[in-house]
Structure formats: C-alpha cells, structure tokens
Amino acid sequence: MTRQQVAILIPIYNESGNIVALVQAIERVIADLTRYDFQLLFVDDGSRDDSVAQLEVLAAADPRIGLIELSRNFGKELALTAGIHALECDAVIIMDADLQHPPAYIPEMIRKWEQGYEIVATKRTKMDRQPLLRRLGSNLFYWLLNSISEFKMEPGTTDFRLLDRIVVDALKQFTENNRMVRGLIDWMGYKKTFIDFEAPKRHSGKPGYSYSRLLQLALNSFMAFSLVPLKLAGYLGVFVITAFGLLLMFMLCDRFWLGGRFGFTPIAFVIVTNVIMNGVVLACIGLVAIYIGHIHTEVIDRPLYLVRKTVGLKGRSRNL
Ligand code: UDP
Ligand code: MG
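A.B. asks: Before we go on, may I ask you to explain the coordination of the magnesium ion (ligand 2) in this structure?
C.D. replies: By definition of the ideal shapes, a tetrahedral metal site with four donors has angles of 109.5 degrees and an octahedral site with six donors has angles of 90 or 180 degrees. Bound to the magnesium ion (ligand 2) on the protein side are D98 (OD) and Q100 (OE1), at distances that span 1.9 to 2.0 Å. A relative accessible area of 3% places D98 in the buried class.

Next comes the structure, spelled out in structure tokens:
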C-alpha cells in the first residue's frame, strides 16, 4: 500500500531569521509520524532578504523540500494560492513561517484528519499577545462580517489548518483575485473541527502585514462575501422616502385640515420635498447596486456548489 502524502505549505516574506528554526522544528515533529510521506513546500512571496538563498540550500540538501519563488510580493493569500495550485497530495497543512503556528500541533491535526475531518482548523485561545488595536479590529471584523454575510466565520481561527485533498481540489476551482483563503475555506462547508492553541510571539523579524493591508483584506472579505454594503444606499433611500414622505403627509394634513396649527412655513415644504427627492436618488442607486451585485457574483465565478462524493457515477466530482 502506498503511503499517504502530506504537504506542509508555508508562505515566506522576509523570514530569513525563522527558516532554519522552522525547518528544524518541523523535522523533529514529522520524524515520529512515520506512516506518512511529508513534503515541505515554501512559496517565496518576493522576499528582499536572503530567504530564497537559504531555501535553495535547504532544498538542495533535502528532496522533501520544495520552493516556488514568485516574481514579486503578491501578498500571503496569493502566495498560498500558488502553493495550493502546485500540490497533489492527500492532505495539506498550511502554516506561517514565524513559528507563531507551532509545528507541535501537527500530530493532533493529523489524528483529527484520520478520524474523518476534512478541515482541521486552529483557534487562538488567547489573543493577549496581540496589540489592543489589532484585537479590537479583529473582533469588529468578525462581528460585522457575521452580521452581514450569508455564512459564519469562526472568530479567532487562523490560517494554520490541515486540509484534506477534497478541500484542496475545491480550492483550485476558485478563480477570484481578491481572496481570503481562510474565508473561502469557511464558505465551503465540509466536515470541520477545531484545535485550540496559544499563538506564541513571532520567533524573529517583523510582521509583514501592516494595518492598511489588514484593512484591505477585511474590505475584500466584506465585498467577497456580502452584497449588503452595495445595497446600503438603497436601504437608506427607502428609509428617507418613507420617513420624510410621512412627514410631508402630516404637513399637508396640517395645512388643509388642521388649519395650520403647527405653522409649517413654505420653506419647510421645499426642504422636505427636497429630502424626499434625495431619497429617490439613493433608492435608484440601490437599484443599480443590485444589478452591479449580480455582475459581481458572475464575475468572481465562484463554483456554484461543491461535491464531497458521488455514488455510482464514474469520474471525480469536478467532471460531473
Ligand atoms: N507573508 C507573505 N506575504 C506577505 C506577508 C506575509 O507570504 O506579503 C507570510 C509571512 O512570511 C508569514 C505569514 O505570511 O509566513 C504570516 O505573516 P505575518 O507573520 O506577517 O502575519 P501575522 O502573524 O501578523 O498575521
Ligand atoms: Mg506572524
């Protein structure tokens, strides 16, 4: 019987101070997992330090180590995507290079996979080590996204995940450019479980994600998973028309039946009519937004559905 292949996929952006320590830590852990064939795939995301040189030396010495070097910095999400596209194995473990995702959890992830889970995600138990602004931002992000999108993203989960082959094959079908890999995985469904872990501090170097890039990632997720922001103008328009329409009716009643007891001046009528017209404009923008929403969903061309398995059909789900 052939042994199962497990790949460890690691995006690299200026991680020269971490690579050797990381590879040693991973090798220590996988040495005990003799039932599997491991490979380490590094994707260099346009590092400007000597990360690539270090990885080339490691890859030359160990056939289990592979490297994809991207032409420039595309961001972690696309670096991961490049790795996913290149891999053909039974499971992939995604992890960061800075040892904030401790390799010591790998055996437990594999155990859960053996139990039949298709996604084994990790969840931070403590965010204390993160700066306050980052923690607040993260909480706000999950709250907003979960209130407006049609599926739930578990707060505190990280990219440190094991994905079964079926999930990796599914990921290969996604064509969108602005993506958050973790969000897409949560969108998919499949059998999922969580492992709690405490994220240590970065082993060496500075985080590659600035606040502005995190904000960009958050905005991408809102736009990718919800059309609510697009429809906000429309909702606001309908609200303005209703509220100010009622007010105008009241003002007219006052003028013609109550004998002007409230004394609305002609200018008040002009203002209220004007606000209603603004409401009409907003509502029309909302209508246009619905059309743009349809175009948006068609353009990102996400798979319409994903299949776990078929019974009594030849070929794989992709060829259905
Ligand atoms: N990373 C990357 N491209 C980037 C930024 C980061 O491939 O543009 C990699 C980085 O080398 C690390 C992982 O993504 O392996 C997580 O990055 P970081 O530690 O900066 O993120 P944080 O821990 O702050 O979420
Ligand atoms: Mg980190």
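A.B. asks: What's the story with the site of ligand 1 in this structure? I'm lost.
C.D. replies: Neighbouring residues of ligand 1: 18 residues in total, closest E15, D45, D98, Q100 and G208. The separation between an oxygen atom of ligand 1 and a polar side-chain atom of N73 is 3.0 Å. Backbone polar atom of A97 to an oxygen atom of ligand 1: 2.9 Å apart, as the coordinates give it. Relative to its unbound accessible area of 530 Å², ligand 1 is 94% covered by the protein chains. When the residues that make up the shell around ligand 1 are grouped by side-chain class, the tally is 6 nonpolar, 4 polar and 8 charged.

A.B. asks: What is the right way to read the pattern of salt bridges from this model?
C.D. replies: One side chain can pair with another of opposite charge once the charged atoms of both are near each other. Overall, the coordinates contain 17 salt bridges when judged by the stated rule. One salt bridge in this structure joins K76 and D159, with 2.8 Å as the shortest N-O distance. Pair noted here: K76 is in helix α3 (residues 76–86) and D159 is in strand β6 (residues 157–164), with a separation of 83 residues, a long-range link. As a salt-bridge pair, R202 and D98 come within 3.3 Å of each other at their nearest N and O atoms. Within this pair, whereas R202 is found in the loop between β7 (192–197) and α8 (211–225), its partner D98 is found in the loop between β4 (91–94) and α4 (106–114), the two being separated by 104 residues in sequence. Look at the salt bridges and you will find they share partners, linking E88, D90, R165, D169 and K172 into a network.

A.B. asks: Please clarify how the pairing of strand β5 (residues 119–124) should be interpreted in this entry.
C.D. replies: Looking along a regular strand, one sees the side chains alternate between the two faces of the sheet. Note: β5 against β6, 4 bridges, orientation antiparallel. In the strand pairing of β6, I119 is matched with L163. Here β5 pairs with β7 via 6 bridges, running parallel. Its bridge partner being in β7, T122 is matched across the sheet by I195.

A.B. asks: Help me understand the sheet that holds strand β2 (residues 36–44) in this model?
C.D. replies: Spatial ordering of the open sheet is given by β3-β2-β1-β4-β6-β5-β7, a layout of 7 strands whose pairing is mixed. Every other strand in the sheet has two partners, leaving β3 (65–69) and β7 as the edge strands with one partner each. On average, adjacent strands in this sheet sit at an angle of 20° to one another, irrespective of strand direction. As paired elements, β4 and β6 share 4 bridges and run antiparallel to each other. Across the sheet, the residue bridging to A91 is D164, located in β6. Strands in contact with α4 are β1 (4–12), β2, β4, β5, β6 and β7; relative to β6, the strand with the most contacts, it is inclined by about 50°.

A.B. asks: Is there a simple way to think about unusual backbone geometry in this case?
C.D. replies: The phi torsion of most residues other than glycine is negative, and most of the peptide bonds are trans. Here L99, not a glycine, exhibits a phi torsion of approximately 65°, which is positive. On the secondary structure map, L99 appears in the loop between β4 and α4. In this structure, Y190 takes a positive phi of about 70° despite not being glycine. By secondary structure assignment, the location of Y190 is in the loop between α7 (181–188) and β7.

Basis of the calculations
Residues numbered from 1 in each chain as written. Chains lettered and ligands numbered in written order. Predicted model: local features only at pLDDT ≥ 70, side-chain atom pairs only at ≥ 80, totals over all residues. Heavy atoms only, no water. Donors = N, O, S within 2.8 Å, 3.2 Å for Na, K, Ca; no water. Buried < 20%, exposed > 50% of the residue type's maximum accessible area, 1.4 Å probe, protein only. Near = heavy atom within 4 Å. Polar contact = N/O pair within 3.5 Å; in protein donor to acceptor, adjacent residues only side chain to side chain. Areas by Shrake-Rupley, 256 points an atom, 1.4 Å probe, with all protein chains shown as cover. Nonpolar A, V, L, I, M, F, W, Y, C, P; charged D, E, K, R; others polar. Salt bridge = Lys/Arg side-chain N within 4 Å of Asp/Glu carboxyl O. Helix = DSSP H or I, 4+ residues; strand = E, 2+ residues; numbered from the N terminus. Pairing = 2+ DSSP bridges. Axes fitted to C-alpha atoms, helices over the stretch in contact; angles between N-to-C directions. Contact = heavy atoms within 4.5 Å.

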